[in-house]
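One-letter residues, chain by chain:
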Amino acid sequence: MPHNVTLVSQQESFTVDSDEPVLSAAKRQGLNLPHSCQSGVCGQCKARLISGKTGVWQPHFEMAINEEEAQNRYILLCCSTAQSDLEIDMPGYRGAGVLPVKTVPSRVSAIEYLANTAIVSLDLPKTAPFSFYAGQYVDVLLKSGVTRSYSLAGNPKHPEQLELHVRNHLGGAFSSMLFGDSPQIVEKSILRIRGPLGNAIPQDSDKPLIILATGTGFAPVQSLLQQLTRQNSMRRIHLYWGGRYLSDLYRLQQAEDWIKRLPNASLTPVLSRPHEGWSGATGYVQTHAVADYPDMSQACVYACGSAAMVETAYDLLCTHHRLRPEYFFSDAFTPSGK
């Protein structure tokens, strides 16, 4: 049975099926509510429940909603279903002020394979203008009805040319169509995408920016670096990019080139399973970040990658190194083999 959800501050409404996450219903109807990871990690889709009853779609991480917020009826829209009509308040939602969400066709113009990652370039039709911010993502709408989400790695100044970084996951609904001896998605293939989506967008600020990325979490970071370069940013920036093996840092040379164009930026590659002869940093990105910056009270952090890294980084930086939670922006990736 469908239920109505009302955003009280904006006087906007949408419907949600009883077994559907509230956030998914909003996205399906073109509302780009604040969100990022969609897995209960980042807390971006936090809202206060004014009236109505909700159920649990999936559990959320403790860092996303603290005990006090839970007592004050805060919920995560990605983890909640509606069991009645709902009234919710999302102070961070700008309503009509967000970029419009569109569903558009795209043509695969190139696919570059770098170790276990495919760099997929997409051309959009000129008749359907598309815009996005660094840090946002799109949904790829597969013919099977399955949807997969990927961060936008391209230059926001050229939104007609998108770029996705796709990790090869065994049994992955989308990645299995790109990898293998007979891939189903090749150059000139047509894909339907929906976006831009997500709100894990680092704010313009004079605060030092510390970026933590693992694996293909580098995709939105690449977009951000291009934006900062275009702005001739003088901001102090430190990127920590980690992976198990050197091949996981699939665009390390390009990352170094972009960092060099920013006068106050630096890069620390980190390997958790380094090969013999590796002389760089080892271990985990968050560990090296706090070693370099033990007091983060004046910093802004953007964490993008595995859910485990994002959760650990949030706890470590905010609990032990004085980072203010409102300056922790995150985009956590939860691979699906379905």
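Structure's up top.
In short, a report on the structure. (Residues numbered from 1 in each chain as written. Predicted model: local features only at pLDDT ≥ 70, side-chain atom pairs only at ≥ 80, totals over all residues. Heavy atoms only, no water.)

1. Some words on the overall build of the protein
Applicable threshold: Only DSSP runs of H or I covering at least 4 residues are called helices, and only runs of E covering at least 2 are called strands; the numbering of each starts at the N terminus. This radius of gyration counts C-alpha atoms alone. The globule rule is 2.2 Å times how many residues there are, raised to the power 0.38. Burial classes: relative accessible area under 20% of the type maximum marks a residue as buried, over 50% as exposed, and values in between as partly exposed (1.4 Å probe, protein chains only). What makes two residues a contact is simply this: any of their non-hydrogen atoms within 4.5 Å. All accessible areas in this document rest on Shrake-Rupley with a 1.4 Å probe, and a residue is counted as covered only by the protein chains that are shown. The convention is simple: Lys and Arg are positive, Asp and Glu are negative, and His and the chain ends are not counted. Positions of charges follow a simple convention, taking NZ of Lys, CZ of Arg, CG of Asp or CD of Glu.
A count of helices and strands for the protein gives six helices and 19 strands. The C-alpha radius of gyration of the protein comes to 20 Å, within 12% of the 20 Å expected for a compact globule of 338 residues. Viewed in the frame of its principal axes, the protein has a C-alpha envelope of about 60 × 50 × 35 Å. Among the 338 residues that make up the protein, the fraction classed as buried is 54%. Taking as baseline every contact in the protein between residues at least 6 positions apart, the subset at least 24 positions apart corresponds to 70%. For the protein, the accessible surface area stands at approximately 15700 Å², while carbon and sulfur atoms represent 48% of it. Looking at charge distribution, the protein has the averaged site of its 29 positive side-chain charges lying 5 Å from that of its 30 negative ones.

2. Side note on unusual backbone geometry
Omega for the bond connecting Gly-195 with Pro-196 falls within 30 degrees of zero, at 0°, which places this linkage in the cis form. One can find Pro-196 in strand β13 (residues 190–197). With phi around 65°, Arg-73 is a residue other than glycine that occupies positive phi space. Along the chain, Arg-73 falls in the loop between α2 (67–71) and β5 (74–76). Phi is positive for Ala-115, close to 55°, though the residue is something other than glycine. Position of Ala-115 relative to the elements: it lies in the loop between β8 (102–114) and β9 (117–123). The class for Ala-115 is exposed, based on a relative accessible area of 56%.

3. A few points about the nonpolar core
Put simply, the rule is: The nonpolar core is taken to be a set of buried Ala, Val, Leu, Ile, Met, Phe, Trp, Tyr and Cys residues, with the residues joined through side-chain atoms within 4.5 Å.
Membership of the largest hydrophobic core comes to 29 residues, with the highest contact counts inside it found for Phe-218, Leu-239, Trp-241 and Tyr-302. For this core, the elements supplying multiple residues, two or more each, are β14 (209–214), α3 (218–230), β15 (237–243), α4 (252–260), β16 (265–271) and β18 (300–306). Here this core takes five residues from α3, the largest share from any one element.

4. Side note on the environment of Glu-187
Along the chain, Glu-187 falls in the loop between β12 (161–167) and β13. Spatially, the C-alpha atoms of Glu-187 and Arg-107 are 7.8 Å apart, while their sequence positions differ by 80 residues. Residue contacts for Glu-187: discarding those within four places in its chain leaves Val-108, Ser-109, Ala-110 and Ile-111.

5. Details of the sheet that holds β12
Selection rule: Strand pairing is assigned whenever DSSP identifies at least 2 bridges connecting the two strands. For helices, the axis comes from a line fit to the C-alpha atoms of the stretch in contact; other axes are also lines fit to C-alpha atoms, and the angle between any two N-to-C directions lies between 0 and 180 degrees.
The strand order across the open sheet formed by six strands is β11-β10-β13-β8-β9-β12, and the pairing between neighbours is antiparallel. Sheet topology places β11 (147–151) and β12 at the edges, where each strand pairs with a single neighbour. Taking the axes of each pair of neighbouring strands and ignoring which way they run, one obtains an average angle of 40° across the sheet. With six bridges joining them, β8 and β13 adopt antiparallel strand pairing.

6. A few points about α4
What counts here: Think of it as the arc spanned by the lines of direction from the helix axis to the C-beta atoms.
Buried residues of α4: Leu-252, Ala-255, Trp-258 and Ile-259, and no others. Mapping the buried residues of α4 onto a view down its axis gives an arc of 125°, with all of them on the same face. Tucked into the core, α4 has its buried residues touching α3, β15 and β16.

7. Let's talk about the pairing of β16
Convention followed: The crossover handedness rule: strands pointing away from the viewer, path from first strand over the helix to second strand clockwise, crossover right-handed.
Of all seven residues that make up β16, six are buried, and the element is covered over most of its length. Taking the sense of rotation as the criterion, the β-α-β connection linking β15, α4 and β16 turns out right-handed. Bridge count between β16 and strand β17 (residues 281–282): two bridges; the pairing is parallel. Following the sheet pairing, Val-270 is matched in β17 by Ala-281.

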